[in-house]
Amino acid sequence: MATMESLIGLVNRIQRACTVLGDYGGDDNAFSSLWEALPSVAVVGGQSSGKSSVLESIVGRDFLPRGSGIVTRRPLVLQLNKTEDGSQEYAEFLHLPKQRFTDFSVVRKEIQDETDRITGKTKQISPVPIHLSIYSPYVVNLTLIDLPGLTKVAVEGQPESIVQDIEAMVHSYVEKPNCIILAISPANQDIATSDAIRHCREVDPTGERTFGVLTKLDLMDKGTNALDVLEGSSYRLQHPWVGIVNRSQADINKNVDMIVARRKEREYFATSPDYGHLANKMGSEYLAKLLSKSLESVIRARIPSITSTINKSIDELESELDHLGPIIHHLGTLSCI
């Protein structure tokens, strides 16, 4: 049986091939969509939910564009590859083959530039994904798809349909039965109003595919806590909720190292009077390992259906080639006249 690393790596390679061939899901494919058959982890959350900070904490690097409004305007397929201890961290983009990036501030700029290349410097969104692979000794083998943040109103420069456009894009990912949903909600807001949980209820009412993440625990009003959510009494999922403590804005402004931030997060939970009894199942490092294990499990279960889709796609292409054969031969004859 293939190892977890090779299974996730195989799916990564198939995802990259699909994107190169123009298959990134949707209903406009003439042939069976292999992209749709691939297991994935979709990251869903409202704007200002802490979604970007969670991803950066999992990676251990600052690399995502920041700003007000909709910053993520194309799906970002983030493929994490664990390397040997002591090896240099680097990143590669699918659209820039054989170029290695070791400066992650340049990675951030390239994500922004590549987004603008498709959408222009507007605030519109595009379903065409950006593929980013990161190789580091500080990550687990995992693939995440970062989706645009859910919003409630269009702001200046955005089309009036932006709210519906984002919701439709998010829905197209999370409705797939082989999609693991990483639903991110801030602890300092009522979970009943969470945009991420609202979407999960619609497509995964039993909570079998949803992993709930609660951010900003350290920003809750003094004397309050989020134990009702983390212990599953407020909104129960099949998987346990995971609490995250992101870097503060002051830490971000001071460029506090992500590895230092991880240590502070561990210390927060270990010493917390509210969450100390849950400390071994809290934090970004635990979340990454949990997701990696779950993705590997879904891939194993879906291998037969992936193989079936590949075979079906081959049959469809061969049938199309057989149909085109006489036409190409006829055109060749005409060109000789």
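Nothing here was measured: the structure is a model prediction, and the numbers come from that model.

K.L.:
Would you take a moment to explain the overall build of the chain for this structure?
P.N.:
For the chain, the count of helices and strands is ten helices and eight strands. Its C-alpha atoms give the chain a radius of gyration of 21 Å, near enough to 20 Å, the size a compact globule of 337 residues would have. Overall, the chain is about 85 × 45 × 45 Å in size when its C-alpha atoms are taken along their principal axes. Every one of the 337 residues in the chain was classed for burial, and the buried ones make up 50%.

K.L.:
Looking at this structure, how should I read the sheet that holds strand β3 (residues 90–93)?
P.N.:
Remark on secondary structure: sheet strands pair via backbone hydrogen bonds, oriented parallel or antiparallel. If you trace the eight strands from one edge of the open sheet to the other, you get β3-β4-β2-β5-β1-β6-β7-β8, paired in mixed fashion. The open sheet has two edge strands, β3 and β8 (242–243), and neither has a second partner. Note that strand β7 (residues 210–215) and β8 share two bridges and pair parallel. Opposite V213, over in β8, you have V242 as the bridge partner.

K.L.:
Mind showing me how you'd approach unusual backbone geometry here?
P.N.:
Both trends apply: most residues other than glycine have a negative phi, and most peptide bonds are in trans. A positive phi angle, near 70°, is found at S48, a position not held by glycine. Assessed through its relative accessible area of 60%, S48 is described here as exposed. For K98, which is not a glycine, the phi torsion comes out positive at approximately 70°. Looking at where K98 falls in the secondary structure, it is placed in the loop between β3 and α4 (104–119).

K.L.:
When you look at the pattern of salt bridges in this model, what are you seeing that I'm missing?
P.N.:
For side chains bearing opposite charge, pairing can occur when the charged atoms are close. Enumeration over the complete set of coordinates arrives at 16 salt bridges. For E167, the salt bridge identified is with R198, shortest N-O distance 3.0 Å. A residue pair is termed long-range when its members are at least 10 positions apart, and E167 in helix α5 (residues 162–174) and R198 in helix α6 (residues 195–203) qualify at 31 residues. Judged by relative accessible area, which is 24%, E167 ranks as partly exposed. When the shortest N-O distance is used, the salt bridge between E267 and R263 registers 3.8 Å. Separated by four residues within a single helix, E267 and R263 lie in helix α9 (residues 258–271), roughly one turn from each other. Looking at E267, the relative accessible area reads 43%, which means it is partly exposed.

Definitions and limits used
Residues numbered from 1 in each chain as written. Predicted model: local features only at pLDDT ≥ 70, side-chain atom pairs only at ≥ 80, totals over all residues. Heavy atoms only, no water. Helix = DSSP H or I, 4+ residues; strand = E, 2+ residues; numbered from the N terminus. Rg over C-alpha atoms; globule rule 2.2 N^0.38 Å. Buried < 20%, exposed > 50% of the residue type's maximum accessible area, 1.4 Å probe, protein only. Pairing = 2+ DSSP bridges. Salt bridge = Lys/Arg side-chain N within 4 Å of Asp/Glu carboxyl O.

It is worth stressing that arrangement in space is one thing and function is another; only the former is reported here.
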